Amino acid sequence: MSELEFSATEIMTVAASRLLGNGTVCFVGIGLPSTAANLARLTHAPDVVLIYESGPIGAKPTVLPLSIGDGDLSLTADTVVSTPEIFRYWLQGGRIDVGFLGAAQIDRFANINTTVIGPYDAPKVRLPGAGGAPEIAAQAKEVFIVLKQNKKAFVEKLPFITSAGFLDGGDAREKAGIPGGGPTAVITDLGILTPDPVTRELTLTSIHPGVTVEQVKEATGWDLKIAADLKTTEIPDAAALTALRDLQARTAKAHGQNAGGEG
Amino acid sequence: MSELEFSATEIMTVAASRLLGNGTVCFVGIGLPSTAANLARLTHAPDVVLIYESGPIGAKPTVLPLSIGDGDLSLTADTVVSTPEIFRYWLQGGRIDVGFLGAAQIDRFANINTTVIGPYDAPKVRLPGAGGAPEIAAQAKEVFIVLKQNKKAFVEKLPFITSAGFLDGGDAREKAGIPGGGPTAVITDLGILTPDPVTRELTLTSIHPGVTVEQVKEATGWDLKIAADLKTTEIPDAAALTALRDLQARTAKAHGQNAGGEG
Amino acid sequence: MALITPLREAVSSLIHDGDTVALEGFTHLIPHAAGHEIIRQGKKDLTLVRMTPDLIYDQLIGMGCARKLIFSWGGNPGVGSLHRFRDAVEQGWPHKLETVEHSHAGMANAYVAGASNLPFALLRGYTGSDLPKVNPWIRFVECPFTGEKLAAIPSVRPDVTVIHAQKADKRGNVLLWGILGVQKEAALAAKRAIVTVEEVVDELNAPANACVLPSWALAAVCPVPGGAYPSYAQDYSQRDNKFYKDWDPIARNRDSFLAWMKRHVLETEDFAGFVRVLGESVARETV
Amino acid sequence: MALITPLREAVSSLIHDGDTVALEGFTHLIPHAAGHEIIRQGKKDLTLVRMTPDLIYDQLIGMGCARKLIFSWGGNPGVGSLHRFRDAVEQGWPHKLETVEHSHAGMANAYVAGASNLPFALLRGYTGSDLPKVNPWIRFVECPFTGEKLAAIPSVRPDVTVIHAQKADKRGNVLLWGILGVQKEAALAAKRAIVTVEEVVDELNAPANACVLPSWALAAVCPVPGGAYPSYAQDYSQRDNKFYKDWDPIARNRDSFLAWMKRHVLETEDFAGFVRVLGESVARETV
């Protein structure tokens, strides 16, 4: 298969999608996570089970949902249950293999902030808030986080921990009694970061082709650890890129845009 | 309308049915309560809402259900929800006007026993148990109890309180923090007993025509109080009797019998 | 992922001696065929859970499969007592049966808590009842905001739940409708869920918001047409009310019970065999 | 018993200044028309509850109806910030807005607890999050059996819940389908529930186990075809994604927001009037 040119967002999306195994039960956030999860479904993981917090279980949308409650999610799902049931029986029930989240900010232990920039009581920027993330981050068997890498997003200290990654690192998460396994991959437009098995500090373990380690360090608000055996991310194959672009073209045609959010 | 002959069970059923006002939301037990509630629906209270613990809300069965989960209940209901929802959102939610119960035994404060005769650990007779009754008795705004009156059923002291009436009488029920108003009528084949407004002791306030006070006292395991203004129960009118007999005939034809129970 | 599996195999590989097992179904959709298969395979020492132990548990208890019963109403609905259940409780036959007794509200909430992966269920319940005096598993907690006391009981988290449903598709997704009871909660509360179904179809064509259990949440889906008998499956079969009445004299006596179980269950191969022999019995009766 | 009532009358008689009000709908079936009517009638001092305050709450907050907001995600879905919400939180305009912030799991459980008449909701939640540090209404209780710590938050028990649904019958029984969100729980948690509907029909013809709210559990049912706009009602309308984008520049600026609200809401009689004026605005834009 011939190689195609691709953007940083495209390799991020394809790399994230590749991590989803076939048959995985995935709790999907709107936006990049939803794009990556649906791309997986349309390529190597046709039996991935997509669950959205609004209620659809086993959604197979033909275009990307613009909102968490798009009709296409409902019409293509195996079943649609209530939102309380999603959080009670399916997420808290321990039935989610992968929680797939976005974030506004992340720290070295993969804790994430989607609440405020600045002090909580007098915020510089009021972000949308927690949504489903705290319990997805806590209860899914593992968590993938996808966001673009820059110093505003990858910060030394979060002003607010909305959803726990590994807290202060080491076994802090287990000690706090958080049931799920926590973040196993942070997929960015520059590379893939995974937690050190002992310290749980995010380490650059894969770098996207054409990106330098310096660039990644420069885009990180702490002294980023680089894996000794740093890999280069496999480039998106033509089939995946084509599927992604088709999906986005279908989505643009249906919605006139391609962003997304809860609500 | 001409008068018809009627049996003791018939006047009990019709008297119980008359207590149900139109539009009342009624949580119905199988057996006599279900017969009386459906008779009310088919006569003076067409808009009574019948809720069965198996899930049907607004059931309008054409024949008496033999079991709490008969298909006819499901097919004629406004909606069928899960059993947990019945107990959580509808009963505990405070939405039931009248809980309509049967009992194996009752005491002077309208506490009821459906659990054991004899000691709990070495029972003389093991009865079916609580079913929905403890929370129906506690949470419905008021409770009607229908059972045949005799010394085995109307006892000085219950071996086991399955479901609370007024406990030790007076304000004991309120003090225990039980939300619903408690039993307001016990309808038997001999008369109607209602709790004294202060002591909450069951008092014979209505006696069925042809029954003597002595007979009722004889059928009661404690020294039964008789109301100063003891009334005679209105005899079943022909329309109610005819409706009851038609209902039972339809039921016998459909089921080949006319008993009922949970399960 | 639930594979379409013969019932015998599912019971044999998924239910072990000593397991906590819930067979649920509220009059409607009671998994009788699965109960028979558990008896045929001689499973022992089970902790049985069920809101309304009726004929199916009378048979399991009478055949000695159960060590313990967690329940809230034990009777033959519309008929009277469960004689085998009573014999076990009152006389310890065929052996002593430990019981843990709740109300329906308690059990329903305990299944919900199980499905929700909570250690306990919270409800307004049991106040004024003697049940908390005889069941140490009913406790009370305080609301951290109002100070109010509420009942707490342990979640039900069976090793195995068995239910019966109307339809599965070929992938093992299950659809049930009508009176749903606690079946969804019971299935999701369990480590392993077995569903016997009336039929396997190409497409479920489930209405919006219907009760669907996805294949991946189940351990096995077993085609057993009529497998709820003498209970029923709405739009497939009628409840055999007569059988419930007929059960009373059969179960009243230990010998007649054992003889009936031997002929109809132990000596039949499977549910189809049971139906055949039962038909012969009925024919003989009515000659 | 819910009578079929005009929306204006329902809002006027059932929603009072100072009430706790939940308008629910998860992207689907958001009761926008009811939100407008609350604004038109100048309701004040409301405690607004909603998992996902979006445009409808941006408008209520910007018009000064709200004193307090209980929520779990506040944004313009697919677009970005809610500028009026942010202005109230960041700058106190038009006046200070108190916020109580939860996660979706917390809010969803709080509605369930409200519908269940429990004083608090019990969940595994908030562990490791800073939310409990800023929200004193998140506490922890111990399981009386295992000693485990679980999160507890107060139930949501609104004075009034408003939802939008597809159908009512003439008696006021309501049927909704598709993405149900927390609407059933929100309606049952409230003292008074108002439902706006796409249409009133003779018979609901609801499928088995559909989401039906019986008339007697509701305070008013109000026919408002299209009343979810710019949200949608499955099988009746499409979400107007463009409107969500267009809202961003309108709401970004206080004056443009006030002018828009005046023209489209305050100076229109009812939802039909809003739709007419909005049509004129769109026509003018596209000339």
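Residues numbered from 1 in each chain as written. Chains lettered and ligands numbered in written order. Predicted model: local features only at pLDDT ≥ 70, side-chain atom pairs only at ≥ 80, totals over all residues. Heavy atoms only, no water.

The name given to chain C in an unreviewed UniProt entry is CoA transferase subunit A, with the source organism recorded as Azospirillum griseum.

Identification of chain A as CoA-transferase subunit beta from Azospirillum griseum is taken from an unreviewed UniProt entry.

**A closer look at the overall build of chain A**
For the record, the criterion: Note on conventions: DSSP H or I runs of at least 4 residues are helices, E runs of at least 2 residues are strands, and numbering of each starts at the N terminus. For the radius of gyration, the atoms used are the C-alpha atoms, and the globule rule reads 2.2 Å times the number of residues raised to 0.38. The buried label goes to any residue with under 20% of its type's maximum accessible area, the exposed label to any with over 50%, and the partly exposed label to all in between, with areas taken from a 1.4 Å probe on protein chains only. Here a residue-residue contact requires only that any non-hydrogen atoms of the pair lie within 4.5 Å. All accessible-area figures derive from a Shrake-Rupley calculation using a 1.4 Å probe, and residue coverage is judged against the displayed protein chains alone.
Within chain A one finds eight helices and 14 strands. Relative to a compact globule of 263 residues, whose C-alpha radius of gyration would be 18 Å, chain A shows 18 Å and is just as compact. Overall, the C-alpha framework of chain A stretches about 45 × 45 × 35 Å when taken along its three principal axes. Residues classed as buried in chain A amount to 63% of the 263 residues present. Expressed as a percentage of contacts within chain A between residues at least 6 apart in sequence, the contacts between residues at least 24 apart total 66%. When the accessible surface of chain A is summed, it comes to about 9100 Å², and 55% of that surface belongs to carbon and sulfur atoms.

**Concerning the packing of aromatic side chains**
Spelled out, the test is: Under the pairing criterion, centres of Phe, Tyr and Trp rings, with the six-membered ring standing for Trp, must be within 6.5 Å; the plane angle then separates stacked pairs below 30 degrees from edge-to-face pairs above 60, leaving the rest tilted. Whether a charge lies above a ring is judged from NZ of Lys or CZ of Arg, which has to be within 6 Å of the ring centre and within 35 degrees of the ring normal.
Overall, the coordinates contain 32 aromatic pairs over all chains when judged by the stated rule. For the ring pair Phe27(A) and Phe87(A), a centre distance of 5.9 Å and an interplane angle of 45° mean the geometry is tilted. With Phe27(A) in strand 1 (residues 25–28) and Phe87(A) in helix 4 (residues 83–91), this residue pair connects regions lying 60 residues apart in the sequence. Side by side, Phe27(A) and Phe87(A) carry an identical accessibility label, which is buried. Site record: aromatic cluster; members linked through ring pairs are Tyr229(C), Phe243(C), Trp247(C), Phe257(C), Trp260(C), Phe271(C) and Phe274(C). Across the ring face of Tyr57(C), the terminal group of Arg50(C) is positioned such that the distance to the ring centre comes to 5.9 Å. Note that Arg239(C) overlies the ring of Tyr244(C), its terminal NZ or CZ placed 3.8 Å from the centroid.

**Points about helix 2 (residues 32–40) of chain D**
The buried count for helix 2 of chain D comes to nine of nine residues, which makes it a mostly enclosed element. Of the positions making up helix 2 of chain D, those classed as buried are His32(D), Ala33(D), Ala34(D), Gly35(D), His36(D), Glu37(D), Ile38(D), Ile39(D) and Arg40(D).

**Focus: the interface of chain D and chain A**
We apply this condition: Here the quantity called buried area is the total loss of accessible area, with a 1.4 Å probe, experienced by two parts when brought into contact, counted for both. The term salt bridge refers to a side-chain nitrogen of Lys or Arg lying within 4 Å of a carboxyl oxygen of Asp or Glu. In the analysis that follows, any N or O atom pair within 3.5 Å is treated as a polar contact, provided that within protein one partner can donate a hydrogen and the other can accept it, and provided that, for residues neighboring in sequence, both atoms belong to side chains.
On the chain A side, the residues contacting the 49 residues of chain D number 47 residues. When residues of chain D are sorted by the area they lose upon contact with chain A, Trp73(D), Gly78(D) and Ile179(D) head the list and together hold 14% of the total. Among the salt bridges present, the one from Glu101(D) reaches Arg126(A), with a minimum N-O distance of 2.6 Å. There are 19 residue pairs in polar contact (both at pLDDT 80 or more) connecting chain D and chain A. Of all elements in the fold, only helix 4 (83–91), strand 5 (98–101), helix 5 (104–115), helix 6 (131–134) and helix 8 (241–252) of chain D reach the threshold of two or more residues within the side of chain D that touches chain A. For the side of chain D that touches chain A, the element with the most residues is helix 5 of chain D, which contributes five residues.

**A look at the environment of Gly18(C)**
Residue and element names in this part refer to chain C. Residue placement: Gly18 occurs in the loop between helix 1 (7–14) and strand 2 (20–23). Given the relative accessible area of 40%, Gly18 is considered partly exposed. Each C-alpha atom of the pair Gly18 and Gly114 lies 19 Å from the other, and the pair is 96 residues apart in sequence. Sequence-distant contacts of Gly18, defined by excluding residues within four places in its chain, comprise Lys44, Asp45 and Leu46.

**Remarks on the interface of chain B and chain C**
Of the residues lining the interface, 47 residues belong to chain B; the matching set on chain C comes to 49 residues. Where chain B meets chain C, there are one salt bridge. The interface formed by chain B and chain C contains 19 residue pairs in polar contact (both at pLDDT 80 or more). In terms of residue count, the dominant contributor to the side of chain B that touches chain C is helix 4 (residues 83–91) of chain B (four residues).

**What about the side chain of Lys43(C)?**
Residues and elements named next belong to chain C. Our working definition: The charge count includes Lys and Arg as positive and Asp and Glu as negative, but it does not include His or the ends of the chains.
Counting through the fold element by element, Lys43 comes out in the loop between helix 2 (32–40) and strand 3 (46–50). Asp17 is the oppositely charged side chain nearest to the buried, salt-bridge-free Lys43, at an N-O distance of 5.4 Å. A polar contact of 2.7 Å, which involves the side chain of Lys43, links it to the backbone oxygen of Ile15. For Lys43, the contacting residues outside a window of four places in its chain are Val11, Ser12, Ile15, Asp17, Ile38 and Cys65.

**Focus on the sheet that holds strand 7 (residues 139–142) of chain D**
All names here are of chain D. Heads up, the condition is: Here the rule is simple: two strands pair whenever DSSP picks up at least two bridges between them. Comment: axis = line fitted to C-alpha atoms, over the contacting stretch for helices; angle = value between 0 and 180 degrees taken between N-to-C directions.
Read across the sheet, three strands follow the order 6-8-7 without closing on themselves; strand pairing throughout is antiparallel. One side of each edge strand has no neighbouring strand; the edge strands of this open sheet are strand 6 (120–123) and strand 7. When strand polarity is set aside, the average angle formed by the axes of neighbouring strands in this sheet is 40°. When strand 6 meets strand 8 (residues 149–154), the two strands line up antiparallel, connected through four bridges. Note that in strand 8 the partner of Leu122 across the bridge is Ala152. Set on the sheet, helix 5 makes contact with strand 6 and strand 8; between it and strand 6 the angle comes to about 130°.

**Focus on the side chain of Asp19(C)**
All names here are of chain C. With respect to the secondary-structure elements, Asp19 resides in the loop between helix 1 and strand 2. A distance of 2.8 Å separates a polar side-chain atom of Asp19 from the backbone nitrogen of His16. A polar side-chain atom of Asp19 sits 3.0 Å from a polar atom in the side chain of Arg192. Setting aside anything within four residues of it in sequence, one finds Asp19 in contact with Leu14, Asp45, Leu46, Thr47, Asp159, Val160 and Arg192.

**Brief notes about empty space enclosed by the protein**
Formally: In this analysis, the protein atoms alone were mapped onto a 1 Å grid. Cavities are point sets where a 1.4 Å probe fits without being able to get out; pockets are open sets with protein on both sides within 12 Å along at least five of seven lines; lining residues have an atom within 4 Å of a point. Grid points are joined across faces, edges and corners, and a volume is the space filled by probe spheres set on the points. The classification used treats Ala, Val, Leu, Ile, Met, Phe, Trp, Tyr, Cys and Pro as nonpolar, Asp, Glu, Lys and Arg as charged, and all other residues, Gly among them, as polar.
As enumerated under the stated definition, the model contains two cavities of 30 Å³ or more in all. What the largest cavity holds in volume is close to 650 Å³. What lines the largest cavity is a set of 34 residues, and nearest its centre among them are Ser82(A), Glu85(A), Ser82(B), Glu85(B) and Lys184(C). For the lining of the largest cavity, the secondary structure elements donating two or more residues are helix 4 of chain A, helix 4 of chain B, helix 7 (183–189) of chain C together with helix 7 (183–189) of chain D. Split into classes, the residues belonging to the lining of the largest cavity amount to 18 nonpolar, eight polar and eight charged.

**With respect to the nonpolar core**
Under the convention used in this document: To define a nonpolar core, start from buried Ala, Val, Leu, Ile, Met, Phe, Trp, Tyr and Cys residues and group those joined through side-chain atoms within 4.5 Å.
Grouped together as the largest cluster of nonpolar side chains are 235 residues, with contacts concentrated most on Val174(C) and Val174(D). Once residues lying within four places of it in the same chain are set aside, the contact partners of Val174(C) are Ala165(C), Lys167(C), Ala168(C), Val195(C), Val197(C), Leu204(C), Cys211(C), Val212(C), Leu213(C), Leu218(C) and Val221(C).

**Things to note about the sheet that holds strand 6 (residues 120–123) of chain C**
Residue and element names in this part refer to chain C. Read across the open sheet, the three strands follow the order 6-8-7; overall the sheet is antiparallel. Each of the sheet's edge strands pairs with one partner strand only, and the pair in question is strand 6 and strand 7 (139–142). In this sheet, neighbouring strand axes are inclined to one another by 40° on average, regardless of whether the strands run parallel or antiparallel. Of the strands in this sheet, strand 6 and strand 8 (149–154) are in contact with helix 5 (residues 104–115), which crosses strand 6 at around 130°.

**Digging into the pattern of salt bridges**
Scanning the entire structure with this criterion turns up 68 salt bridges over all chains. Here Asp246(C) makes a salt bridge to Lys242(C), at a shortest N to O gap of 2.7 Å. Highlighted residues: Asp246(C) and Lys242(C), both in helix 8 (residues 241–252), separated by four residues, approximately one helical turn. Look at Asp246(C) and you get partly exposed, because its relative accessible area is 26%. Counted as one network, the salt bridges with shared partners bring together Arg108(A), Glu156(A), Glu201(A) and Lys225(A).

**Here's the deal with the pairing of strand 2 of chain C**
All names here are of chain C. Examined bridge by bridge, strand 2 and strand 3 share three bridges and lie parallel to one another. The partner of Ala22 across the bridge, within strand 3, is Val49. Sheet topology note: the strand 2/strand 9 (residues 160–169) ladder contains three bridges and is parallel. Note on strand 9: the bridge partner recorded for Val21 is Val160.

**Examining the environment of Thr212(B)**
By secondary structure assignment, the location of Thr212(B) is in the loop between strand 13 (202–207) and helix 7 (213–218). Put simply, Thr212(B) and Val81(B) are 131 residues apart on the chain and 46 Å apart in space, counted from C-alpha to C-alpha.

**What about the confidence of the model for chain C?**
Under the convention used in this document: The predictor attaches a confidence to each residue, called pLDDT, with possible values from 0 through 100.
Averaged over every residue, the pLDDT of chain C is 96; residues scoring 70 or more account for 99%. The ipTM, which scores confidence in the relative placement of chains, is 0.96 for this predicted complex, and the corresponding pTM is 0.97.

**Here we look at the pairing of strand 13 (residues 220–223) of chain D**
Residue and element names in this part refer to chain D. As paired elements, strand 1 (residues 3–4) and strand 13 share two bridges and run parallel to each other. The residue of strand 13 that forms the bridge with Leu3 is Ala220. For strand 11 (residues 192–201) and strand 13, the ladder comprises four bridges, and the chain directions are parallel. Bridge pairing in strand 13 places Thr196 opposite Cys222.

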